[in-house]
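One letter stands for each residue in the lines below.
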Amino acid sequence: MLNRANGLLDANWSLHDLRHTASYRMARDPELPLTDVQWVLGHRLITTTQIYLPSSEDEVITNVLAHHARQARRRENPPPQPVAPGYDPAALTNLFGRPVS
């Protein structure tokens with residue numbers, strides 16, 4: 001059947017190509033655990049199954065923009081520095097009028 005389809009479509013698909021396509025679609029389904037895909041494919045290691053999870057260009061751009069936004073927020077609101085050893089936090093609160101972490 002695959003040979004006939006290849007002939008009609010002037011294609012060169014193989015059963016491995018079909019397995020790869022099915023694997024990619026299963027791995028990208030958020031309702032199907034990757035461990036289930038691993039079992040279906042017969043992979044010993046989950047890392048072998050993870051090759052079917054590449055990020056799309058849009059996902060990479062979204063993730064990088066989110067990273068830069070987080071970095072900007074951290075620069076604008078840096079976390080408070082811990083109180084140095086030897087200082088009494090209560091005394092610093094009295095001095096600065098707010099709790100010091």
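Residues numbered from 1 in each chain as written. Predicted model: local features only at pLDDT ≥ 70, side-chain atom pairs only at ≥ 80, totals over all residues. Heavy atoms only, no water.

Visitor: Before we go on, may I ask you to explain the side chain of Thr49 in this structure?
Guide: Along the chain, the position of Thr49 falls in helix 4 (residues 46-49). At 2.8 Å, the side chain of Thr49 forms a polar contact with the side chain of His43. Setting aside residues up to four positions removed in sequence, Thr49 forms contacts with Leu34, Val37, Gln38, Leu41 and His43. (Helix = DSSP H or I, 4+ residues; strand = E, 2+ residues; numbered from the N terminus. Polar contact = N/O pair within 3.5 Å; in protein donor to acceptor, adjacent residues only side chain to side chain. Contact = heavy atoms within 4.5 Å.)

Visitor: When you look at unusual backbone geometry in this model, what are you seeing that I'm missing?
Guide: Excluding glycine, most residues fall at negative phi; most peptide bonds, likewise, are trans. The phi dihedral of Asp10 is positive, around 50°, even though this residue is not glycine. As for its placement among the helices and strands, Asp10 is situated in the loop between helix 1 (2-9) and helix 2 (15-27).

Visitor: Please explain the nonpolar core as it appears in this structure.
Guide: Soluble globular proteins tend to bury their nonpolar side chains together. Ala27, Leu34, Val37, Leu41 and Tyr52 together form the largest nonpolar core, which totals five residues. Ranked by the residues each element gives to this core, the list is headed by helix 3 (residues 34-41), at three residues. Among all residues touching Tyr52, those that are not within four sequence positions of it are His20, Ser23, Tyr24, Ala27, Arg28, Leu41 and His43. (Core = buried A, V, L, I, M, F, W, Y, C linked by side-chain atoms within 4.5 Å. Buried < 20%, exposed > 50% of the residue type's maximum accessible area, 1.4 Å probe, protein only.)

Visitor: Would you explain the confidence of the model for the chain in this entry?
Guide: The predicted coordinates of low-pLDDT regions are not to be read in fine detail. Mean pLDDT over the chain works out to 88, with 97% of the residues at or above the 70 mark. Element-level pLDDT for the chain is lowest in helix 6 (residues 89-96), with a mean of 82, against a maximum mean of 96 in helix 3. (pLDDT = per-residue confidence, 0-100.)

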